[in-house]
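One letter stands for each residue in the lines below.
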Amino acid sequence: MRAPAHTGTGAGREAALDAFLADAGPDGAGGDVARRVAGEDAAEEFPATLVARLDAFGLPAYYVPAEWGGAGADHEVLLRLWRTVARRDLSAAVAHGKTYLGAASVWCAGDAAQATATADAVLAGEPVAWALSEPDHGADLLNGELTATAQDGGRRLDGVKWPVNNATRARLLTVLARTGAAGSGRGQSLFLVDKSALAPGSWHVLPKEPTHGIRGIDISGIAFEGAVPAPGALLGREGGGAETVLRALQLTRTMCAALSLGAGEHALRITAAFAAERIIQRRPLLDRAHPRAILGRCAALTAAAESAALVGSRAIHTLTGEMSVVSAVVKSVAPALTDAVIAELAELLGARSFLTGVYAHGAFQKIWRDHQIVSVFDGSTPVNRAALVQQFPRLVREYRAGTVDEKGLAGAAAVGEPAGPLDRGALTLLSRRGCSVVQSLPALSRALTGEAAPEGLVAHAVAVAAAAGEVHARMAAVAPAAHPPMSAYETAAAYELCYAAAACLHTWSAGRHRHRGEPLWEDGLWARAALRALRARLATTLRTPAPSAAPGDDGLDGLLAEHVARAARDGAPVTPFGAPLTGSRDGR
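**Student:** An account of empty space enclosed by the protein is needed here, citing residue identities and associated values.
**Tutor:** Within this structure, the stated rule accounts for 3 cavities of 30 Å³ or more. Size it by volume and the largest cavity reaches roughly 110 Å³. The set of elements that each furnish at least two residues to the lining of the largest cavity consists of helix 4 (75–86) and helix 5 (90–109). At 3 residues, the largest contribution of residues to the lining of the largest cavity is made by helix 5. Volume-wise, the second largest cavity comes out at about 50 Å³. Residue lining of the second largest cavity: Val 37, Glu 40, Asp 41, Glu 45, Pro 47, Asp 89, Ser 91, Arg 215, Gly 216 and Lys 366, and that is the complete set. Per element, the largest residue contribution to the lining of the second largest cavity is 3 residues, and it comes from helix 2 (residues 31–43). Among the residues making up the lining of the second largest cavity, the classes are represented as 2 nonpolar, 2 polar and 6 charged.

Have a look at this one:
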């Protein structure tokens, strides 16, 4: 499996994978996928059939950089492929995608021999695990207790990593271990450990943990007792493990947004189909103002999450030095928006949102349960917001200076175009230039007022830029502290919404001519609705008055609700950069 046979644009490969998955049943029926997914979840079984199908498609090749024989040259493509899997089954996406997370540190710090060995394993379909967390330390990577003690012939590993996705199924693990003083930034090192090369009895896996969502996934752990990895296991330099992990997280955190995009789209399709079908007092729910408002708002927030994630995935290549900010923002905002979408849609479904066998194979309650873990993966929302708060002083300075990497920003917004090469060496622990996406907001809003942009869009853009100014004023008032006050975390949440709004404006500006004539793009429909929804969330977060309406706002909900209902019926995209859904209505 050196490389997949399918090539072309990210959207094209997304469509190819979707069609491939829709034909996963023995009878070729897409609905069979939904039935199998529901059955495996109920039995807490590993999604082996769908994972094998992803291997057959060649998805592992997208986890391996091109220089090591893979197809992983563009993170927008990978984001789209993961979104496609997640909208079929979030559990399968988590199970399969963990290999990318486990291998990311190798691509960032490994030597040629380590990268070649890992690439060969991944391309052969072997899972890789990332062993970071420990029972008593969680996300506190600097104080991990698993040790790698120097001895003749190498290092001796002692301690426990838990919980770890794929700890049992994976042969290869990247393991963070203490080699210096606890709590020191140079006290941890990273090792590429091959379980098959360890002496018998020097390690054992811990039992699979029962989970509320992603029930069948291999969430287990591993314990080492005098395990000696093969020579050459150290990844990068001794004491550089935490730095390598933090750099790799800038890639993996951003890509986790794909899980939210898939979950949000799946939930939206299910609910839109129900609203169109459900007849109460001789009228479908879809014809009523309140359900239309919910569907419209949820479609708008899903589009906002999509823009934020796509810009973030492309920024990996074009704004690499800013990823310490972008990755933290995207990892927080995409799950937060999707959680809000799922919660609102549950109101429309009512009892069907938590019953397991009444509507669409009980898929909605599975999405709801599965998605709750996404905000925890690769650093929880509080962890990411804390990291963002530490960069407030620089972000404020660069915002006030109007610092923008124009070329990099244009590349990040050019969704669908080749993203260009990635220099992993340009990943830094702190962004020296702030965040070009947000820092461009004032100039972008001014530019739109002089263009032939929809009037309502301009009004929202100007209002968002003004709100961004208020957010930065609050950021400037946060005093540097090891443990920031809760208000700082709320300000970080507001900053994330400014980022999402700016991403919407940039992607709309870059794509409006290319997508002319498509329903979601007519008169800036999706962008206007997304900005309106984001402004409302900003006002709530900042505790300011509800925003005033912009011209044309009163028609947005109806247009979006009608669109997603049609898309649920015929498989058309429900987001501005989405791909069609292949298969029967039964699979939604």
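Let us keep going from here.
**Student:** So what's going on with helix 5? Which residues, and what values?
**Tutor:** A rise of 1.5 Å per residue sets the reference length of helix 5, with its 20 residues, at 28 Å; its end C-alpha atoms lie 29 Å apart and thus fit the reference within 8%. If you look at helix 5, its biggest bend is around 35°, right at Ala 103. Here helix 5 lies mainly inside the structure; 19 of its 20 residues are buried. For helix 5, the capping residue at the N-terminal end is Asp 89, with a side-chain oxygen 3.1 Å from the backbone nitrogen of Ser 91.

**Student:** I'd like a description of a nonpolar patch on the surface, backed by residues and values.
**Tutor:** Side chains of Leu 246, Leu 429 and Leu 430 sit close together on the surface and give an oily, nonpolar patch of about 260 Å² of accessible area. Topologically, Leu 430 is positioned in the loop between helix 14 (406–413) and helix 15 (436–439). Leu 430 gets classed as exposed once you look at its relative accessible area, which sits at 53%.

**Student:** Now, about the nonpolar core: what can you tell me, with residues and values included?
**Tutor:** Leu 295, Tyr 495, Tyr 499 and Trp 526 are the most contacted members of the largest nonpolar core, which totals 168 residues. The element that contributes the greatest number of residues to this core is helix 9 (residues 289–318), accounting for 15 residues. Ranked by size, the runner-up nonpolar core spans 18 residues in total, among them Leu 157, Ala 170, Val 175 and Ala 227.

**Student:** Which residues make up the environment of Gly 571, and what are the values?
**Tutor:** Mapped onto the secondary structure, Gly 571 falls in the segment after helix 20 (556–570). Separated by 305 residues in sequence, Gly 571 and His 266 place their C-alpha atoms 11 Å apart.

**Student:** Please provide a residue-by-residue account of unusual backbone geometry, values included.
**Tutor:** Here Trp 162 and Pro 163 are connected by a cis peptide whose omega angle stands at -10°. Within the element layout of this structure, Pro 163 appears in strand 3 (residues 154–165). Here the phi dihedral of Glu 44 falls at roughly 55°; this positive angle occurs in a residue that is not glycine. The backbone of His 361 shows a phi angle near 60°, a positive value even though the residue is not glycine. For His 361, the position within the fold is in the loop between helix 10 (323–349) and helix 11 (363–371). Taking relative accessible area as the criterion, His 361 reaches 24% and is therefore assigned partly exposed.

**Student:** For the pairing of strand 7 (residues 219–227), give the residues involved together with the corresponding values.
**Tutor:** Burial analysis of strand 7 places 7 of its 9 residues in the buried class, which makes it a mostly covered element. Sheet analysis places strand 6 (residues 203–206) next to strand 7, joined by 4 bridges and oriented antiparallel. Across the sheet, residue Val 205 finds its bridge partner in strand 7, namely Ile 222.

**Student:** Explain the packing of aromatic side chains residue by residue, including any values.
**Tutor:** A complete count under the given rule lists 9 aromatic pairs for this structure. On the numbers, 5.5 Å between centres and 55° between planes, the contact of Phe 20 with Phe 57 is tilted. Note that Phe 20 is positioned in helix 1 (residues 10–22) and Phe 57 in helix 3 (residues 48–57), a separation of 37 residues in sequence. Note on Phe 20: relative accessible area 25%, which makes it partly exposed. Pairing Trp 521 with Phe 577 gives two aromatic rings, centres 5.4 Å apart and planes at 85°, and the pair type is edge-to-face.

Rules used throughout
- Numbering of residues begins from 1 in every chain and follows the order in which that chain's sequence is written.
- Residue-level local features of this predicted model are given only where pLDDT is at least 70; pairs of side-chain atoms are given and counted only at 80 or more, and the full residue set underlies all totals for whole chains, interfaces and linings.
- In computing side-chain values, all of the structure's heavy atoms are included and hydrogens and water are not.
- Cavities and pockets are defined on a 1 Å grid built over the protein atoms alone: a cavity is a set of grid points where a 1.4 Å probe fits but cannot escape, while a pocket is an open set with protein on both sides within 12 Å along at least five of seven lines, and lining residues are those with an atom within 4 Å of any such point.
- Grid points are joined across faces, edges and corners, and a volume is the space filled by probe spheres set on the points.
- Only DSSP runs of H or I with at least four residues qualify as helices, and only runs of E with at least two residues qualify as strands; both kinds are numbered from the N terminus onward.
- Gly falls in the polar group here, along with every residue not listed as nonpolar (Ala, Val, Leu, Ile, Met, Phe, Trp, Tyr, Cys, Pro) or charged (Asp, Glu, Lys, Arg).
- Take the residue count of a helix, subtract one, and multiply by 1.5 Å to get its expected span.
- To obtain the bend at a residue, axes are fitted to the seven residues ending there and to the seven starting there, and the angle between these axes is taken.
- Note on classification: 1.4 Å probe, protein chains only; a residue is buried when its accessible area is under 20% of the maximum for its type, exposed when over 50%, partly exposed between these limits.
- Pairs of N or O atoms within 3.5 Å make up the polar contacts considered here, provided that, within protein, one atom can donate a hydrogen while the other can accept it, and that residues adjacent in sequence are counted only when both atoms are side-chain atoms.
- Nonpolar side chains (Val, Leu, Ile, Met, Phe, Trp, Tyr) are joined into patches within 5 Å and like charges within 9 Å, using only residues with over 30% relative accessible area and no salt bridge.
- Note on areas: Shrake-Rupley, 1.4 Å probe, and residue coverage restricted to the protein chains presented here.
- The working definition used for a salt bridge is a side-chain nitrogen of Lys or Arg within 4 Å of a carboxyl oxygen of Asp or Glu.
- To form a nonpolar core, buried Ala, Val, Leu, Ile, Met, Phe, Trp, Tyr and Cys residues must be joined to one another through side-chain atoms within 4.5 Å.
- At least two DSSP bridges between two strands are required for those strands to pair.
- Centre distance within 6.5 Å is the pairing criterion for rings of Phe, Tyr and Trp, where only the six-membered ring of Trp is used; planes under 30 degrees apart are then read as stacked, over 60 as edge-to-face, and the remainder as tilted.

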